[in-house]
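# Examining the three-dimensional arrangement
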Amino acid sequence: MLCTSLLLAGLDLTVLHVAVPSLSRELTPSGPTLLWIVDVYSLVVATFLIVCGALADKLGRKRIALSGFALFGLSSLAAAFAPNAELLIAARAVLGLGTALIMAATVAIIRNVFTDDRERAFAIGVWTASHSVGTTLGPLIGGVLVEHFRWGTVFLVNVPIVAVVLVAGVIVIPESYNPQPRPWDAPSVVVSVLGLAGFVYGLKQAASPGDLTPFAVIAGVAGLAMLVWFVLRQRRVRHPLMDLTLFRNRRFSVAVLAVFGCFGSYVAMLFLLMQWLQQTREFSPLDAGLAIVPLAVANALGATLAPAIADRLGHRATMTVALAAFGVALAFFALSSTGYPMLVAVLVVAGFGAGIIMTSGADSITAAVRPERAGEAAAIQETSFELSSGAGVAVLGSVLALVYQWRFSAPVSPDVAASARETIGNAERVAAGLPARDAGLVLSAAEHAYDDGIRVALGMAAVVLLVMAAVVAVLLRPPAWSKSRPGEPLPA
């Protein structure tokens, strides 16, 4: 049941990706609004995960977990029937809060139920893998639902699962508390939430120059400053909200960095490819979901084989090669004229490399800390998962939007061109009301601009992954003096 919670969390992270074209036609969101719909969920989860962990310690893990499931189910219903983009964003935000309550409580429950160190490490590994499985299955399940029903059904799938889990949870989940919970650092909570919200708001508004107001710029800069202040505060206060001393362990910090870059690129790739296949390659939602099956299979295979590969090659070589393979696959997509048969090869290499990183990185994070801190490490790991997915979609989605607007050019009236330039969904709506010749010009220009935007965005992700591969290779290289120094653990 604990794994079901994270499977649902991963599923809701990506299940909406394949429904974006459908909901765009119905709700007509702007570019930045669409990005908020997609990743406000993951950003809220990342923002509140550690806060909710402290809340679970105080009020009871079972109570918080069941409250999170109830909130998750109710917000899923609200999202399914949202009449406009603003209410959908609000419902997705509440959905993220419910997920944060669930995930934070289940980390603590795992610590309480699995008292043996080896069993606990295995349980955390399986729990983490469930998130990756849900993330990869999301577009496929979403494609099946959107093909036959309204886009809102991608949220309704949660409701019966939540109902079963609530009933079972009352029976099987043991209640537990932290007998000596850490004091609640309210300023850290406020600063982390406002800082992240402000920074991401400014970043998203930058995706549409027409929406980049002075307020958005001020909010973005203030948010970044507050996040810096949050980090500095965690280093000074006696009872920090996030224990940054864990990052003094080089293996831990490098693994978190690798997971952050890999998972952010992976989720953004899923989001962008779902739009690309439907918007420029005319795949149906179901066909688009089926098209990424090779990615899902390769990801599962990479995750399964990662421990054996790491045992043979060491964590340093395994993570370096996997990051490099993922980066090369995205670079090939960005630089080539990719038909679907060639895309399959890209998906297989990318999925296999990402699966290795997610599992090997999670194992490195857990193994790098003392057993009694495994729960804290898992919480930071899941925060990096959620934050990276939101940041990946925000940054690469913004790059896509900017390149699309820059590259769109059609010999039509300025008013028509200005409207079609906002988003590819706008271009389709504008074309529907034009004569056949002008409609063809608008759609062709939109498809070419969108194709360029996808390739530039994934090319940037490729550069990030290749740079991270080099960073991992350098930072996890054991120094010569450490070989003879007693008690010094080797990074690999």
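The shown structure was predicted, so the numbers you read here are calculated from the model rather than taken from an experiment. (Residues numbered from 1 in each chain as written. Predicted model: local features only at pLDDT ≥ 70, side-chain atom pairs only at ≥ 80, totals over all residues. Heavy atoms only, no water.)

This paragraph deals with the overall build of the protein. Looking only at helices and strands, one finds 19 helices and zero strands in the protein. Sorting the 492 residues of the protein into buried and exposed places 56% on the buried side. A fraction of 83% describes how many contacts in the protein between residues 6 or more apart in sequence connect residues 24 or more apart. (Helix = DSSP H or I, 4+ residues; strand = E, 2+ residues; numbered from the N terminus. Buried < 20%, exposed > 50% of the residue type's maximum accessible area, 1.4 Å probe, protein only. Contact = heavy atoms within 4.5 Å.)

Bringing unusual backbone geometry into the picture now. Unlike most non-glycine residues, T28 shows phi in positive territory, near 45°. Mapped onto the elements of the fold, T28 is located in the loop between α2 (20-27) and α3 (31-59).

Before going further, it helps to spend a moment on the confidence of the model for the protein. Per-residue confidence for the protein gives a mean pLDDT of 79, with 83% of residues at or over 70. Segment residues 481-492 is flagged for pLDDT under 50; beyond a separation of four residues in sequence, or across chains, it makes eleven contacts in the model. (pLDDT = per-residue confidence, 0-100.)

Take the side chain of Q278 next. The residue Q278 is located in helix α11 (residues 250-279) in this model. Relative accessible area serves as the criterion here: at 12%, Q278 is assigned to the buried category. Of the polar contacts made by the side chain of Q278, one reaches the backbone oxygen of M274; its length is 3.1 Å. Among all residues touching Q278, those that are not within four sequence positions of it are H17, V18, P21, F283, S284, P285 and A288. (Polar contact = N/O pair within 3.5 Å; in protein donor to acceptor, adjacent residues only side chain to side chain.)

A few words now on the environment of A100. Tracing the backbone shows A100 in helix α5 (residues 85-113). Along the chain, A100 and Y41 lie 59 residues apart, while their C-alpha atoms are 9.8 Å from each other. Look past the residues within four positions of A100 in its chain and what remains in contact with it is V45, F48, L49 and C52.

So, on to helix α17 (residues 414-422). Structurally, the α-helix is built with 3.6 residues per turn, so residues lying three or four positions apart point the same way. Listed as buried for α17 are V416, A417 and A420. Taken down its axis, α17 places every buried residue within 95° of arc, on the same side. Facing away from the buried side of α17 by over 90 degrees, the exposed positions are P414 and D415. (Arc of directions from axis to C-beta.)

Take the layout of surface pockets next. One number sums up the size of the largest pocket: a volume of about 820 Å³. As for the largest pocket, its lining consists of 27 residues, and the residues nearest its centre are L227, M242, F260, T383 and L387. Of all the secondary structure elements, the ones that give two or more residues to the lining of the largest pocket are α3, α9 (186-205), α10 (214-236), α11 and α16 (374-407). Ranked by residues supplied to the lining of the largest pocket, first place goes to α16 with seven residues. Taken together, the residues of the lining of the largest pocket sort by class into 23 nonpolar, four polar and no charged. (1 Å grid on protein atoms, 1.4 Å probe; cavity = no way out; pocket = protein on both sides within 12 Å on 5 of 7 lines; lining within 4 Å. Points joined across faces, edges and corners; volume = space filled by probe spheres on them. Nonpolar A, V, L, I, M, F, W, Y, C, P; charged D, E, K, R; others polar.)

Oppositely charged side chains are able to pair whenever their charged atoms sit close together. Under the definition given, this model contains four salt bridges. A salt bridge links R150 to E26, with the nearest nitrogen and oxygen atoms 3.0 Å apart. With R150 in the loop between α6 (117-148) and α7 (153-156) and E26 in helix α2, this residue pair connects regions lying 124 residues apart in the sequence. As a salt-bridge pair, D438 and R437 come within 3.3 Å of each other at their nearest N and O atoms. (Salt bridge = Lys/Arg side-chain N within 4 Å of Asp/Glu carboxyl O.)

With that settled, consider the packing of aromatic side chains. By the definition in use, this model includes three aromatic pairs. Residues Y404 and F408 carry aromatic rings whose centres are separated by 6.0 Å and whose planes lie at 45° to one another, so their mutual orientation is tilted. Across the pair, F408 and Y404 agree in class, each one buried. The interplanar angle of 75° and the centroid separation of 6.2 Å between the aromatic rings of Y404 and Y450 together place this pair among those described as edge-to-face. Residue Y404 is found in helix α16, and its partner Y450 is found in helix α19 (residues 436-475); the two are separated by 46 residues along the sequence. (Phe/Tyr/Trp six-rings, centres within 6.5 Å; stacked < 30°, edge-to-face > 60°.)

Time to look at the environment of S265. Mapped onto the elements, S265 comes out in helix α11. Judged by its relative accessible area of 6%, S265 is buried. C-alpha of S265 to C-alpha of A391: the two residues are 126 residues apart in sequence and 9.2 Å apart in space. Ignoring anything within four residues of it in the chain, the contact list for S265 reads F326, A461 and L465. Of note is the side chain of S265, whose polar atom sits 2.8 Å from the backbone oxygen of G261.

So, about the packing of helix α13 (residues 293-313) against helix α14 (residues 315-335). Describing two packed helices takes the angle between their axes plus the distance from one axis to the other. For the pair α13 and α14, the least separation of the axes is 7 Å and the interaxial angle reads 120°. Overall, the two elements α13 and α14 adopt an arrangement that is oblique. Between α13 and α14, the residues in contact are I309, A310 and L313 and H315, A317 and T318, respectively. Grouping the amino acids of the contact of α13 with α14 by side-chain chemistry returns four nonpolar, two polar and no charged. (Axes fitted to C-alpha atoms, helices over the stretch in contact; angles between N-to-C directions. Parallel < 35°, antiparallel > 145°, perpendicular 65-115°, else oblique.)

This brings us to the nonpolar core. By size, the foremost hydrophobic cluster in this structure holds 125 residues, and its most contacted members are L88, F155, M269, L323, F326 and F408. Top contributing element to this core by residue count: α11, with 19 residues. When sequence neighbours within four positions are dropped, the list of residues in contact with L323 reads A258, C262, I357, L465, M468, A469 and V472. Grouped together as the second largest cluster of nonpolar side chains are eight residues, V51, V189, L241 and L244 included. (Core = buried A, V, L, I, M, F, W, Y, C linked by side-chain atoms within 4.5 Å.)

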